[in-house]
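# Structure assessment
What follows is each chain in one-letter form.
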2 protein chains.
Amino acid sequence: MATGRTHRPATRSRGIPEATVARLPLYLRALTALSERSVPTVSSEELAAAAGVNSAKLRKDFSYLGSYGTRGVGYDVEYLVYQISRELGLTQDWPVVIVGIGNLGAALANYGGFASRGFRVAALIDADPAMAGKPVAGIPVQHTDELEKIIEDNGVSIGVIATPAGAAQQVCERLVAAGVTSILNFAPTVLSVPDGVDVRKVDLSIELQILAFHEQRKAGEEAAAADGQVPPAVARKASADKGPDGDVPAVMPA
Amino acid sequence: MATGRTHRPATRSRGIPEATVARLPLYLRALTALSERSVPTVSSEELAAAAGVNSAKLRKDFSYLGSYGTRGVGYDVEYLVYQISRELGLTQDWPVVIVGIGNLGAALANYGGFASRGFRVAALIDADPAMAGKPVAGIPVQHTDELEKIIEDNGVSIGVIATPAGAAQQVCERLVAAGVTSILNFAPTVLSVPDGVDVRKVDLSIELQILAFHEQRKAGEEAAAADGQVPPAVARKASADKGPDGDVPAVMPA
DNA sequence: CCTTGTGAAATCTTTCACAGCT
DNA sequence: AGCTGTGAAAGATTTCACAAGG
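This report concerns the structure included in the present document. Once a new chain begins, its residue numbering starts again from 1 and follows that chain's sequence as written. Going through the entries in the order they are written, you letter the chains from A and number the ligands from 1. Predicted model: local features are reported for residues with pLDDT of at least 70 only, side-chain atom pairs are reported and counted for 80 or more only, and whole-chain, interface and lining totals are derived from all residues. For the side-chain quantities, the full set of heavy atoms in the structure was used; hydrogens and water were omitted.

## Points about the protein's contact with DNA strand D
To keep things clear, this is the line we draw: One heavy atom within 4 Å of a molecule or strand makes the whole residue count as near it. Think of a polar contact as two N or O atoms within 3.5 Å of one another; within protein, one of them needs to be a possible hydrogen donor and the other a possible acceptor, and neighboring residues in sequence only count if both atoms come from side chains. Under the scheme used here, helices are H or I runs from DSSP no shorter than 4 residues and strands are E runs no shorter than 2 residues, and both carry numbers assigned from the N terminus. Residue polarity follows a fixed list, in which Ala, Val, Leu, Ile, Met, Phe, Trp, Tyr, Cys and Pro are nonpolar, Asp, Glu, Lys and Arg are charged, and the others, Gly among them, are polar.
As a structural note, the neighbourhood of DNA strand D is formed by 25 residues, with R23 and N54 of chain A together with S44, G69 and Y75 of chain B the closest of them. Considering the 4 Å shell around the protein, atoms of DNA strand D inside it are sugar or phosphate in 63% of instances. K60 of chain B is positioned such that a nitrogen or oxygen atom in its side chain is 3.2 Å from a base nitrogen of DNA strand D. Within the side chain of R71 of chain B, one N or O atom sits 3.0 Å away from a base oxygen of DNA strand D. Contributing elements (two or more residues each) for the surface near DNA strand D: α1 (18–36) and α3 (55–65) of chain A together with α3 (55–65), β2 (69–70) and β3 (74–76) of chain B. Partitioning the surface near DNA strand D into residue classes produces 5 nonpolar, 11 polar and 9 charged.

## Things to note about α3 of chain B
Residues and elements named next belong to chain B. Put simply, the rule is: For every residue, the accessible area (1.4 Å probe, protein chains only) is compared with the maximum for its type, and the residue is labelled buried under 20%, exposed over 50%, or partly exposed between those bounds. It is the directions from the helix axis to the C-beta atoms whose arc is reported.
Among the residues of α3, those classed as buried are S55, L58, D61, F62 and L65. Each buried residue of α3 lies within a common arc of 120 degrees when the element is viewed along its axis, so the set occupies one face. G66 sits one or two positions beyond α3 and adopts a positive phi of about 140 degrees.

## A word on the pattern of salt bridges
We apply this condition: Here, a salt bridge means any side-chain nitrogen of Lys or Arg that lies within 4 Å of a carboxyl oxygen of Asp or Glu.
Evaluated as defined, the whole model comprises 16 salt bridges over all chains. Ionic pairing is found between D198 of chain B and K218 of chain A, a salt bridge with its closest N-O pair at 3.4 Å. Of this pair, D198 of chain B sits in strand β10 (residues 198–201) while K218 of chain A sits in helix α9 (residues 204–227), placing the two residues on different chains. Take D198 of chain B and K218 of chain A: they sit in the same class, and that class is buried. Here R23 of chain B and D61 of chain B are joined by a salt bridge, their closest N and O atoms 2.7 Å apart. Taken as a pair, R23 of chain B in helix α1 (residues 18–36) and D61 of chain B in helix α3 lie far apart in primary sequence, 38 residues in all. In terms of burial, R23 of chain B and D61 of chain B fall into one category: buried. One salt-bridge network, in which partners are shared between bridges, spans D198 of chain A together with E215 and K218 of chain B.

Shown next as structure tokens:
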């Protein structure tokens, strides 16, 4: 196995922080909306509000891409759309396969935003022979047997796994063996992949549990507030970020 | 009323870092699997591997919950399951409503992992009158007109938005006005919410764009590697770490 | 005036490495 | 001997605040 014990040599050439990368799509979406309304320029303050972040963060983020703004004026919308698209690699076509065409897989196949920006559903794959040939979202489902051939023929490097948890690791391994190097995993399981393969996961159950944690915390604070004289709900603020406070009274609800 | 009354006393008693909270569900899932196999205890090393994190991080995470392990032995699986469940607020019942019963909403309603752990789909809501009364996943869809009543009657504090982007903000406002304080948003839009309301978002398009960024970067490095003398099999290097919401399942070679 | 771009400070997160307990 | 729990170091991210430039 790989002996690359050396912690990442850190190719710092194009080092855009991961946190920044994760926000670029957000900015891009906001900018696209502005572009559709033919807004020519936008300030960091305005754009940040539209994207649900604060303006200092946005400016810092953009500073990693280069100096694309004009002091005293703001950013040229069209130009920024182009620069961010290029940075994200959206100026090229990304064929994607979806494996597992159950409820969720079908929903993903039907999701419009998929095709919108550089991504193209190259194939739908399912293990159920009864599904084979059936069109979903206008694309005929193919059997898992064809997986390797489909990946190769279409030059697919991004795979979406929407299978049951039990099948996910095996599907993952076949995708990777066939040449896929980026995986979006909707199955509620941890995937093991070789070095060099990126995995991102989307997990409903985890998100709900995180919300439950904060919900519980709020309930506890409320109870504590009833005791003291903490002012009731305050200012209305637009915020896309998660709860700021991390402070829970040691009150145990038995 | 005092204006400067500090919202948070300097007491750091129970402040679990957000990054830790986001990993607790992962640990819980791994522990549940161990529990089902009747494994009595587990070491931080084993559990970390199962959860796809490193053991130092796991031990640090657990240290915020308390000292639940035994030196020289490891952690008692059942006990940890209980402690983490309690910490996450999963020992209580969380009624949830799903708004927007299209492809995605239906997929979510059918998702088993939903009901499994403390969450219960209290109602499905859709704006289409034609949907009303139709059962999805065994639950009859109700019309949006009923939204406020449903929230109130069921004491719902967590809402899932699976509507088209255009409807999401309005639905969000109605949910919040009716008493919902945690929202899981699947619509590709930034939600504005009052202070004290938590929003988490799940966005296919954003995840794909982040993958595309790394995919593009890999392609660039490959080209650069071809210039040098890195053997093809090992030429790929990982960015390894993910952003705020993501983790990379690490592969632990023997 | 205006708003960007950015060093520096503050804060949060991960990792290291080992003392301390079983 | 083995493994946890944790200070302290290292690293990443956010925020501040202001100089620089339109």
